[in-house]
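Overview (structure and organization)
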Amino acid sequence: MRQSGILETVWAGVAAVALMATTAFAEAPPVGEPSTDDDIAAALTGGVPMGRWKEGLTFEGISPQPWLRSAANWFPGTEDVQPNEMRIIFMGSAPFIRPGQMNTAILVELGNGKIFMFDIGEGSPANIIAGGYALNQISDVFISHLHVDHFGGLPYLWMFGTWAGGWHEQLTVHGPSGRTEEYGTATMVEGMKMMTGWHRDAFSVFPVGKGWDIEVNEFDFRDNGGVVYEEDGVRVIHWQRSHAKDGASGYRLDWNGMCFIWTGDGRPNMIDIPYAKGCDVFVTEQQQEILEISSGVQGVPPFLGRYTVDTHHTPSYAAGYIANLVQPRLLMNTHMSYDPYQIEETVAEIREHWKGPYHFGAPDGIVVNVTKDQIWVREGILPRFPNSRAPQFDFSNGQLVVPHPPHAREDIQEPYVRDMEIDPKLYYPEGYHPELLTEWPVDGDLIVPLDKVPPSLSNSMGAAWRLREANQKVLKEQSGN
Ligand SMILES: [Zn+2]
Ligand SMILES: [Zn+2]
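Predicted model only: the values in this text are computed from it and were never measured. (Residues numbered from 1 in each chain as written. Chains lettered and ligands numbered in written order. Predicted model: local features only at pLDDT ≥ 70, side-chain atom pairs only at ≥ 80, totals over all residues.)

**Overview of the sheet that holds strand E7 (residues 215–219)**
- With mixed pairing, 9 strands are arranged side by side in an open sheet as E1-E16-E15-E2-E3-E4-E5-E6-E7. Strand pairing shows two members of the sheet lacking a second neighbour, strand E1 (73–74) and E7, which therefore form its edges.
- Here 3 bridges tie strand E4 (residues 115–120) to strand E5 (residues 140–142), and the two strands are oriented parallel to one another. Its bridge partner lying in E5, Phe118 is registered against Phe142.
- Against the sheet, helix H5 (residues 185–195) engages strand E6 (172–176) and E7, with an angle of about 155 degrees to E7. (Pairing = 2+ DSSP bridges. Helix = DSSP H or I, 4+ residues; strand = E, 2+ residues; numbered from the N terminus. Contact = placed C-beta atoms within 7 Å. Axes fitted to C-alpha atoms, helices over the stretch in contact; angles between N-to-C directions.)

Encoded structure:
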């Protein structure tokens, strides 16, 4: 009896401490008499504009949209693109590749479910994956010109995007012709086919389906204003840029009353102006006028830096000058080494002529949310060791279809080296005998009705499709169809 009494006291004490620990945070302040409306207004609007005047370099329409989880940062996988939204992410932002900055690559995702890459520089697939995109979500790549810092990520996207679910749609590469056939985008793709011959044959033991059927949409670089792409209300046009040699183009994408421009590389040029005029987000490359310093920092002889800029690139002063003629809702500059010593110089030079909304498209991971009323720019938090998103499939037919691989290992490998493989019994521990899957398990295509696909797979592999269906429904209702 006494024993249990002590225990009860102890338990009561523990409960009291626990209660104190929780109530210390949970208890609301005492209810008081509300302040007068005048006092509340005076406090809440004191010192801040609340629509009464313009503060600093704020601009009309440059503000975070209400659905953003954080106005400060974008965290991959936490925000669905809205039906009427255009989301732009810089997956690579520099001509000189280094661990913190991949080569130039800009992803544009639209509320109708379409995803486009404008350039796909070396290393940028790492950021695409870190951004939570499956490589097989990218079916159209627009290459501004054939400097390798603008397309070096293409072989990887094609090879591994196909392996990881790019089975049902071919990749389409859009790009300019060259002065002669050998310098055009089609020739580059032919060369890439040759370069990846071994790889593609080796991967043909996997379900590749239409994945290797790469298509090239090479357009005449002189056909200024020509339509490169027109589908589902998306239109992309091109025009020529002055970038040392023929075969460099700028792009403009229009969709749902919004517009994005990527100039690609090139000298400031009057051809740009009519095509870029009034576009919402104008992204230009640019170079600062600190050649002696930047050449030293980047390990380039100054005369080589000067000559490179004057034959290939847009000085920052000119980027601001052009922006002032174009009058975009937002000017962005990319294709820059994001170094402290040149950031303020870049701003100063661009501000010489352009006083409107302006932001860097660097470093990697900068995210721009665009709607008709608002634009907001944030730093995306890209994880360093992300795993890939599940491949995304269109389940409109109610099935998961896995094409049969075109080859078995026997077709492409001599038996000797397989026969010499070490017997698994020798290395797997006692009691562990995995059934090795050395032959593709089914004849013909594997067709799985959606209700037989395990929920974890159906949910992860159908997420983009479900979002697209939901967004397109909203878009259709808006257009009255
Ligand atoms: Zn470049
Ligand atoms: Zn270039």
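**Observations concerning the packing of helix H10 (residues 316–326) against helix H11 (residues 340–351)**
- Between H10 and H11, the shortest axis-to-axis distance is 7 Å and the interhelical angle comes to 40 degrees. What the angle tells us is that H10 and H11 run oblique. Our pair here, H10 against H11, has a crossing hand that is right-handed. Touching Ser316, Tyr317, Ala319 and Gly320 of H10 are Thr346, Glu349, Ile350 and Arg351, all from H11.
- Residue classes in the contact of H10 with H11 are distributed as 3 nonpolar, 3 polar and 2 charged. (Parallel < 35°, antiparallel > 145°, perpendicular 65-115°, else oblique. Left-handed = near helix turned anticlockwise from the far one by under 90°. Nonpolar A, V, L, I, M, F, W, Y, C, P; charged D, E, K, R; others polar.)

**Observations concerning helix H2 (residues 37–45)**
- Where burial is concerned, little of H2 is hidden: 0 out of the 9 residues are buried.
- Phi for Gly47, located one or two positions after H2, is positive at around 80 degrees. (Buried ≥ 20, exposed ≤ 12 C-beta atoms within 10 Å, placed from the backbone.)

**As for the domain arrangement of the protein**
- In terms of domain boundaries, the protein breaks down into domain 1 (73–380) and domain 2 (399–461).
- The centre of domain 1, based on its C-alpha atoms, is set 38 Å off from the matching centre of domain 2.
- Listed as interface residues are 8 residues of domain 1 and, on the opposing side, 9 residues of domain 2.
- When its residues are assigned to classes, the side of domain 1 that touches domain 2 shows 5 nonpolar, 2 polar and 1 charged. (Domains from an automatic or database assignment.)

**Focus on unusual backbone geometry**
- The step from Ala362 to Pro363 runs through a cis peptide bond, and the omega angle for that step is 0 degrees.
- Looking at where Pro363 falls in the secondary structure, it is placed in the loop between strand E14 (358–360) and strand E15 (366–370).
- Even without a glycine there, the phi angle at Asp232 is positive, about 50 degrees.
- Tracing the sequence through the fold places Asp232 in the loop between strand E8 (227–231) and strand E9 (234–240).
- By the C-beta count within 10 Å, which is 13 here, Asp232 ends up partly exposed.
- Its identity as a non-glycine residue notwithstanding, Ala244 has a phi of 70 degrees, on the positive side.
- Within the secondary structure, Ala244 is located in the loop between E9 and strand E10 (249–255).

**Some points on the packing of helix H8 (residues 291–298) against helix H9 (residues 302–312)**
- Put simply, H8 and H9 touch, their axes get as near as 8 Å, and they point 115 degrees apart. One finds that H8 runs roughly perpendicular with respect to H9. Crossing angle aside, the handedness with which H8 passes H9 is right-handed. Residues Leu291, Glu292, Ser294 and Ser295 of H8 form the contact with H9, whose own contacting residues are Pro302, Gly305, Arg306 and Val309.
- Among the residues making up the contact of H8 with H9, the classes are represented as 3 nonpolar, 3 polar and 2 charged.

**Some words on the nonpolar core**
- In terms of nonpolar packing, the biggest core is built from 78 residues, with Ile106, Val108, Ile261 and Val281 touching the most fellow members.
- Among all residues touching Ile106, those that are not within four sequence positions of it are Ile88, Phe90, Met91, Phe118, Asp119, Trp262 and Val283. (Core = buried A, V, L, I, M, F, W, Y, C linked by C-beta atoms within 7 Å.)

**Describing helix H4 (residues 154–163)**
- Here H4 has its buried residues at Leu154, Leu157, Trp158, Met159, Gly161 and Thr162.
- Within two residues after H4, Gly165 carries a phi angle of roughly 100 degrees, on the positive side.

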